[in-house]
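# A structural walkthrough
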Amino acid sequence: MKIIHVPCLEDNYSYLIIDEATKEAAAVDPVEPEKVLKVAQDNGVHLKLVLTTHHHWDHAGGNERMKELVPGIKVYGGSVDNVKGCTDKVENGDKFSLSSDITVLSLHTPCHTKGHISYFVTGKEEENPAVFTGDTLFVAGCGKFFEGTAEQMHHSLCVTLSSLPKPTRVYCGHEYTVKNLQFAVTVEPDNAKISQKLSWAKEQRQSGLPTIPSTIEEELETNPFMRADLTEVQERVGCKSAVEAMREIRQRKDTWRGISSL
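Residues numbered from 1 in each chain as written. Predicted model: local features only at pLDDT ≥ 70, side-chain atom pairs only at ≥ 80, totals over all residues. Heavy atoms only, no water.

By the naming in an unreviewed UniProt entry, the protein chain is hydroxyacylglutathione hydrolase, taken from Heracleum sosnowskyi. In its Sequence similarities (unreviewed entry) section, the UniProt entry covering the protein chain states "Belongs to the metallo-beta-lactamase superfamily. Glyoxalase II family." (UniProt positions renumbered as here; feature names shortened; annotations may be inferred.)

Structure follows, in structure tokens:
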């Protein structure tokens, strides 16, 4: 299983998931379909599926055009998210295959949107799995609570996604890592792993390289939103429960002057 980043728009990422043996591929959130298709052609692969994480235009906006360019392509999206161009609606726990070796499990991760889906993708046994988290989980951050609550985001991050195997590679929808880590330092100034990852992320960006993927293990160590269950994080933000801490950290992020657009 090979995964290729396709930078789109200003700071979005689409992805290609490729079975290198069969040359079958899926595109995640192909907002610029021609660009994604060119990368597929350059790699000699056949696009079979589109995996749409949520209905926002910068993720689902290329679906109709992709269907024109690749007749018969299947477009997956959350059953309650009204995804543009969707042919196959999925709910939490739905499974389907890209190829004989690559399986996709749909995880309902609501809050940013009501029907947001993260896709947990497994290849051969010896390969680390991957999860495509759209705008629910970012590297060191999470999406704004546009259509949901702190309770939902807590469940999406601290129950659903944090229960995935720790080596799972995390591929999110935007390149927000440096700002997210700069904010994370304000929540946990004594967390050395956050500071170390911030230095690394700055170097990556200065070299024109992505900061993605992360791993579930790294997120549990450095992402303040995924650490809301920890007593020391709750104490740092003056809260007594994980949900309360999730709400407080998001409110702080929303008013933080180094804020990113989501």
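## Some points on the overall build of the protein chain
Helix and strand counts for the protein chain stand at nine helices and 14 strands. In summary, the protein chain has a C-alpha radius of gyration of 18 Å against a globular reference of 18 Å for 262 residues, a match within 12%. Overall, the protein chain is about 55 × 40 × 35 Å in size when its C-alpha atoms are taken along their principal axes. Across the 262 residues of the protein chain, 55% fall into the buried class. A separation threshold of at least 6 residues defines the contact pool for the protein chain, and within that pool the share at least 24 residues apart is 59%. Working note: accessible area of the protein chain is about 11,100 Å², and carbon and sulfur atoms make up 48% of it. (Helix = DSSP H or I, 4+ residues; strand = E, 2+ residues; numbered from the N terminus. Rg over C-alpha atoms; globule rule 2.2 N^0.38 Å. Buried < 20%, exposed > 50% of the residue type's maximum accessible area, 1.4 Å probe, protein only. Contact = heavy atoms within 4.5 Å. Areas by Shrake-Rupley, 256 points an atom, 1.4 Å probe, with all protein chains shown as cover.)

## A short note on unusual backbone geometry
With an omega of 15 degrees, the peptide bond between Ile212 and Pro213 qualifies as cis. Topologically, Pro213 is positioned in the loop between α6 (192–206) and β14 (214–215). With a phi close to 50 degrees, Asp29 is a non-glycine residue in the positive phi region. Here Asp29 shows up in the loop between β3 (24–28) and α1 (33–42). Its relative accessible area of 2% is what places Asp29 among the buried residues. Of note in this structure, Cys111 is not a glycine but carries a positive phi near 145 degrees. The class of Cys111 is buried, set by a relative accessible area of 0%.

## A few points about the sheet that holds strand β6 (residues 88–90)
What the six strands build is an open sheet, ordered β1-β2-β3-β4-β5-β6; its pairing is mixed. Each having just a single partner strand, β1 (2–8) and β6 make up the two edges of the open sheet. Here the average twist between neighbouring strands, direction ignored, is 25 degrees. Strand direction decides the pairing type here: β1 and strand β2 (residues 12–19), joined by seven bridges, are antiparallel. If you follow Lys2 over to β2, its bridge partner there is Ile18. Sitting on the sheet, α1 touches β1, β2, β3 and β4 (46–51), and the angle it makes with β1 is about 145 degrees. (Pairing = 2+ DSSP bridges. Axes fitted to C-alpha atoms, helices over the stretch in contact; angles between N-to-C directions.)

## Focus: the pairing of strand β13 (residues 169–172)
Here β13 shows no split at all, with Arg169 and Tyr171 on one side and Val170 and Cys172 on the other all buried. Two elements, strand β10 (residues 130–134) and β13, share four bridges in a ladder whose sense is parallel. Paired with Gly134 across the strands is Cys172, a residue of β13. Examined bridge by bridge, β13 and β14 share two bridges and lie antiparallel to one another. Across the sheet, residue Arg169 finds its bridge partner in β14, namely Thr215.

## Overview of the nonpolar core
Residues Leu157, Leu161 and Met246 are the most contacted members of the largest nonpolar core, which totals 27 residues. Elements represented by at least two residues in this core include exactly α4 (150–161), α5 (177–187) and α9 (242–255). Broken down by element, the residue count for this core peaks at five residues, all from α4. (Core = buried A, V, L, I, M, F, W, Y, C linked by side-chain atoms within 4.5 Å.)

## Some words on the packing of α5 against α9
At a minimum axis separation of 11 Å, α5 and α9 run at an interaxial angle of 125 degrees. Taken together, the axes of α5 and α9 lie oblique to each other. Here α5 runs over α9; the crossing is right-handed. Residues Asn180, Phe183 and Val187 of α5 lie in contact with α9, whose contacting residues are Ile249, Arg252 and Lys253. Tallied by class, residues from the contact of α5 with α9 come to three nonpolar, one polar and two charged. (Parallel < 35°, antiparallel > 145°, perpendicular 65-115°, else oblique. Left-handed = near helix turned anticlockwise from the far one by under 90°. Nonpolar A, V, L, I, M, F, W, Y, C, P; charged D, E, K, R; others polar.)

## Structural notes on the UniProt feature "domain: Metallo-beta-lactamase" (unreviewed entry) in the protein chain
Per the UniProt record, "domain: Metallo-beta-lactamase" (unreviewed entry) is annotated on residues 11–174. Measuring from the first to the last C-alpha atom of residues 11–174 gives 5 Å, for a span that is 20% helix and 34% strand.

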